[in-house]
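Listed here are the chains, written in short residue letters.
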Amino acid sequence: MGVRKSKKIKKNMTHHFYQLKGAIRYRINARHHKGFGIHSPYLFHLITSVLQGKYPFYCFETIESLRKELNGKPTCFSRQKKAHNGQIIFRIIQDAKFKTLLELGTSSGIETQYMAFANQKAKCISITDSAESAAVARKGFQRQGLKQIELHLLKPEDRPEKFIENIDNLDFVLFNQIHDPQKYQALFQKCLCKRNNGSIFVFMNMHESPAKAQEWENIRIHQDVQVSIDLFDLGLILFNPELEKKKYVIRNK
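Residues numbered from 1 in each chain as written. Predicted model: local features only at pLDDT ≥ 70, side-chain atom pairs only at ≥ 80, totals over all residues. Heavy atoms only, no water.

Chemist: What is the right way to look at helix α9 (residues 210–220) in this model?
Modeler: Of all the positions in α9, only K212, A213, E215, W216, I219 and R220 are classed as buried. Along the axis of α9, the buried positions cluster into a sector of 160°, meaning they face one direction only. (Buried < 20%, exposed > 50% of the residue type's maximum accessible area, 1.4 Å probe, protein only. Helix = DSSP H or I, 4+ residues; strand = E, 2+ residues; numbered from the N terminus. Arc of directions from axis to C-beta.)

Chemist: Is there a simple way to explain the sheet that holds strand β1 (residues 100–104) in this structure?
Modeler: Hydrogen bonding along the main chain pairs the strands of a sheet, whether they run parallel or antiparallel. Taken together, the 8 strands give an open sheet; going across it, the order is β3-β2-β1-β4-β5-β7-β6-β8, and neighbouring strands pair in mixed fashion. Each end of this open sheet is capped by a strand with a single partner; those strands are β3 (149–153) and β8 (246–249). Direction aside, the axes of adjacent strands within the sheet are offset by 15° on average. For strand β5 (residues 200–204) and strand β7 (residues 234–238), the ladder comprises 5 bridges, and the chain directions are antiparallel. Bridging across to β7, M204 finds its partner in L234. Across the sheet, helix α8 (residues 183–192) touches β1, β4 (172–175) and β5, and the angle it forms with β5 is around 165°. (Pairing = 2+ DSSP bridges. Axes fitted to C-alpha atoms, helices over the stretch in contact; angles between N-to-C directions. Contact = heavy atoms within 4.5 Å.)

Chemist: How should the packing of α8 against α9 be read in this particular structure?
Modeler: Working note: a packed helix pair is described by the angle between its axes plus the distance between those axes. Packing of α8 against α9 leaves a shortest axis separation of 10 Å and a crossing angle of 30°. Taken as axis vectors, α8 and α9 run roughly parallel relative to one another. Regarding α8 and α9, the two cross each other, and that crossing is right-handed. Within the contact between the two elements, α8 uses Y184, Q185 and F188 and α9 uses K212, E215, N218 and I219. (Parallel < 35°, antiparallel > 145°, perpendicular 65-115°, else oblique. Left-handed = near helix turned anticlockwise from the far one by under 90°.)

Chemist: What am I meant to see in the pattern of salt bridges here?
Modeler: Per the counting criterion, the structure on display carries 10 salt bridges. The partner of E165 in a salt bridge is K162, with the nearest N and O atoms 3.7 Å apart. The class of K162 is exposed, set by a relative accessible area of 53%. One salt-bridge network, held together by shared partners, links K162, E165 and K190. (Salt bridge = Lys/Arg side-chain N within 4 Å of Asp/Glu carboxyl O.)

Chemist: Looking at this model, I keep getting lost on the pairing of β4. Mind explaining?
Modeler: Sheet faces and side chains relate simply in a regular strand, where the side chains alternate between the two faces. By the alternation rule, side chains of β4 split into F172 and L174 and V173 and F175, which are all buried. In the sheet, β1 pairs with β4 via 4 bridges, with the strands oriented parallel. Opposite E103, over in β4, you have L174 as the bridge partner. Bridge count for β4 against β5 is 4 bridges, and the pairing is parallel. Considered in β5, the bridge of V173 is made with F201.

Chemist: How should I be thinking about the packing of helix α3 (residues 60–71) against helix α5 (residues 110–118) in this particular structure?
Modeler: Axis separation between α3 and α5 bottoms out at 10 Å; the angle between their running directions is 170°. It follows that α3 is roughly antiparallel to α5 by the angle criterion. The interaxial crossing formed by α3 with α5 has right-handed handedness. Contacts from F60, I63, E64, L66, R67 and L70 in α3 reach I110, E111, Q113, Y114 and F117 in α5.

Structure follows, in structure tokens:
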């Protein structure tokens, strides 16, 4: 076994162990199941009707059928977990009727599809520096008939922050496939300039490594953040000035 391969296996094992410890810690600290103890009507609705909603929308089956084809045969648990997270993204956008949607770091395009289907009249933009991801995502968008998605493949010399400058307003931002945790702060700061009082930023997989978890904590305590909601696989940042500044850990299922 080569040295590089050995280091990669060791790194993956370390991250897996860290994620396991984080999942246990999350289960212990998670509160407010079914909205218990939440006094804000806005947050109570968000948690009980949106984050913990169970009503299946028309597009869920179509999107997950495509995910199954793309991913081969992932475990049933893994597929359900990813589907649940995508459907939370859909519910947030659909409930708030957000009109300007941005995804930073296109994955396979599945999360982008949930965003676009949630409001097919919205401006939906996805940015990636991966030609492979862009190719897979584009095929999926074409198959689903989602012509309103603007997918931008960055050139090596391009910076996503520069692209964000050309967007007037951001209702919803999904920080998705970002491999370098140090990029989170720069992207977050740039998106802050485009937010409004009802904006919601969503962060994917912020507990998969110590570096990502630290960036997530730095963002939660930022002076412009009113409320953060930790669902373990997803992290939500809310900017509603009418809300009391607080950090929540909510049971995801």
